[in-house]
Amino acid sequence: MSDDVPPRRAAPDCPFAKLHPSQLVKDDAHFMALAFNQAVEAWRRDEVPIGAVIVRDGAVIAAAHNAVETLKDPTAHAEILAITQAAKAVGDWRLNACTLYVTKEPCPMCAGATIMSRLGRVVYAWGDPKMGCLGGATATHDLPRLNHRVAVVHGVLEDECRAILQAYFRMKRAAAHADDDTPAD
């Protein structure tokens with residue numbers, strides 16, 4: 001699904017292997033593993049490794065990863081791309097019967113999109129106390145005047161999803177420091 005996005009440049013090898021969840025038990029961990037696999041794809045395309053899948057009636061109807069750099073689009077977050085795919089798959093912008101699985105707590109834009117698309121449920125792995133808006137920095141989904149409530153679950157495959165993000169940013173910081181140390185001509 002998101003494999004249609006061409007890589008923008010050669011990225012460093014991703015040290016994380018894709019997960020292979022059992023097809024026998026399709027629970028939150030199963031679908032979060034698929035979102036994690038999208039995060040691995042993001043890394044391989046030198047994008048921030050965040051992945052998302054949307055499930056309806058036990059089947060994946062959308063899968064995406066961040067593509068901000070590739071598409072030169074600040075709205076090309078995994079959640080937004082997956083929501084767009086899911087709406088197309090369902091034939092409606094209302095995704096009440098769907099669950100979004102995402103590897104990091106949604107930012108303000110993506111949290112708003114979960115509400116506006118009427119998602120029934122959001123499951124995220126790792127919370128974000130700085131920018132997360134489904135309970136981290138704020139709880140957008142709990143605003144008193146909202147006409148739609150999104151059920152939120154967090155902590156599913158948290159360790160794996162945190163590890164890939166932290167490793168990616170460590171790599172980026174190390175590369176930036178290496179560039180700073182290059183002698184001027």
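Here is a short report on the structure shown in this document. (Residues numbered from 1 in each chain as written. Predicted model: local features only at pLDDT ≥ 70, side-chain atom pairs only at ≥ 80, totals over all residues. Heavy atoms only, no water.)

## With respect to the sheet that holds strand β5 (residues 151-154)
Then, number 1: Spatially, the five strands line up as an open sheet ordered β2-β1-β3-β4-β5, and their pairing is mixed. Looking along the sheet, the strands with just one partner apiece sit at the ends: β2 (59-65) and β5. Direction aside, the axes of adjacent strands within the sheet are offset by 15° on average.
Then, number 2: Two elements, strand β4 (residues 121-126) and β5, share four bridges in a ladder whose sense is parallel. Of the residues in β5, the one forming a bridge with Tyr-124 is His-154.
Then, number 3: Strand contacts of helix α3 (residues 78-90): β1 (51-56), β2 and β3 (98-104), with the helix running at about 145° to β2, the strand carrying the most contacts. (Pairing = 2+ DSSP bridges. Helix = DSSP H or I, 4+ residues; strand = E, 2+ residues; numbered from the N terminus. Axes fitted to C-alpha atoms, helices over the stretch in contact; angles between N-to-C directions. Contact = heavy atoms within 4.5 Å.)

## Looking at the pattern of salt bridges
Then, number 1: Following the criterion strictly, the structure yields nine salt bridges and no others.
Then, number 2: Among the salt bridges present, the one from Glu-41 reaches Arg-45, with a minimum N-O distance of 3.7 Å.
Then, number 3: When the shortest N-O distance is used, the salt bridge between Asp-46 and Lys-172 registers 2.8 Å. With a gap of 126 residues between them, Asp-46 in the loop between α1 (28-44) and β1 and Lys-172 in helix α5 (residues 158-180) connect regions that are remote in the sequence.
Then, number 4: Taking relative accessible area as the criterion, Asp-46 reaches 2% and is therefore assigned buried. (Salt bridge = Lys/Arg side-chain N within 4 Å of Asp/Glu carboxyl O. Buried < 20%, exposed > 50% of the residue type's maximum accessible area, 1.4 Å probe, protein only.)

## A short note on the pairing of β3
Then, number 1: Here β3 lies mainly inside the structure; seven of its seven residues are buried.
Then, number 2: One ladder, built from five bridges, connects β3 with β4; its direction is parallel. Bridge pairing in β4 links Leu-100 to Val-122.
Then, number 3: Following the chain from β3 across helix α4 (residues 108-116) to the adjacent parallel β4, one finds a crossover that is right-handed. (Right-handed = clockwise from strand over helix to strand, strands pointing away.)

## Some thoughts on the side chain of Asn-37
Then, number 1: Within the fold, Asn-37 resides in helix α1.
Then, number 2: We classify Asn-37 as buried; its relative accessible area is 11%.
Then, number 3: Those residues in contact with Asn-37, other than ones at most four positions away along the chain, are Lys-18 and Leu-19.

## Here we look at α3
Then, number 1: The first and last C-alpha atoms of α3 sit 18 Å apart over 13 residues, in line with the 18 Å expected at 1.5 Å per residue.
Then, number 2: On its buried face, α3 sits against β1, β2, β3 and α4.
Then, number 3: Trailing α3 by a residue or two, Gly-91 shows a phi angle of about 80°, which is positive. (Expected span 1.5 Å × (residues − 1).)

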